[in-house]
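A structural walkthrough
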Amino acid sequence: MDQLVDDRGQPVAGAAVTATLVRTGQTLEPTTLMLTIPGTYVVIDDGSTHLLRRSGDAVQVRISKGAAAITADYVFAVPDGCHVSKVSGPNTVTLP
């Protein structure tokens, strides 16, 4: 889980998160229900292991709430063939 904050550093709850696998254009959606703390979000989970390369894939994430929106770039891999692992990308995203 990563953090989503406003420009004052306060947690933002209730944002819409859309993750797109850059290589295919496919939307990735978490497949499990995760309880999150307000201001945190899940990009993808292990339900996407079959879509990602073991070596890693670029994933573009759009986060929006009301008129505010931001795009963040990530790389996720499945090095063990079973679990998604974040290779790179921000741990905290600021929604303008």
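Look up a bit, the structure's there.
The structure reproduced in this document is the subject of the present report.

Conventions used here
- Residues numbered from 1 in each chain as written.
- Predicted model: local features only at pLDDT ≥ 70, side-chain atom pairs only at ≥ 80, totals over all residues.
- Heavy atoms only, no water.
- Phe/Tyr/Trp six-rings, centres within 6.5 Å; stacked < 30°, edge-to-face > 60°.
- Buried < 20%, exposed > 50% of the residue type's maximum accessible area, 1.4 Å probe, protein only.
- Helix = DSSP H or I, 4+ residues; strand = E, 2+ residues; numbered from the N terminus.
- Pairing = 2+ DSSP bridges.
- Contact = heavy atoms within 4.5 Å.

Taken as a whole, this structure holds one aromatic pair when the rule is applied. With 5.7 Å between their ring centres and 20° between their planes, Tyr-74 and Phe-76 make a pair best called stacked. No difference in accessibility class separates Tyr-74 from Phe-76, as the two residues are buried.

Counting buried positions along strand E1 (residues 2–6) gives four out of five residues, so the element sits mostly inside the fold. Pairing geometry for E1 and strand E4 (residues 40–41), over two bridges, is antiparallel. If you follow Asp-2 over to E4, its bridge partner there is Tyr-41. As defined by bridge partners, E1 adjoins strand E8 (residues 92–95) across four bridges and the pair is classed as parallel. Following the sheet pairing, Val-5 is matched in E8 by Thr-94.

All right, on to the environment of Leu-21 then. Assignment of secondary structure puts Leu-21 in strand E2 (residues 16–21). For Leu-21, a relative accessible area of 0% puts it in the buried group. Along the chain, Leu-21 and Tyr-74 lie 53 residues apart, while their C-alpha atoms are 9.7 Å from each other. Excluding residues within four positions of it along the chain, Leu-21 makes contact with Gln-26, Leu-28, Leu-51, Leu-52, Asp-57, Ala-58 and Val-59.

Further remarks concern the sheet that holds strand E3 (residues 27–28). Taken in spatial order, the five strands of this open sheet run E3-E2-E5-E6-E7, and their pairing is antiparallel. Looking at strand neighbours, the two that pair on one side only are E3 and strand E7 (85–88), the edges of this open sheet. In terms of strand pairing, E2 meets E3 through two bridges, oriented antiparallel. Bridged to Ala-19 within E3 is Leu-28.

Bear in mind that shape data such as this cannot, by itself, settle questions of function.
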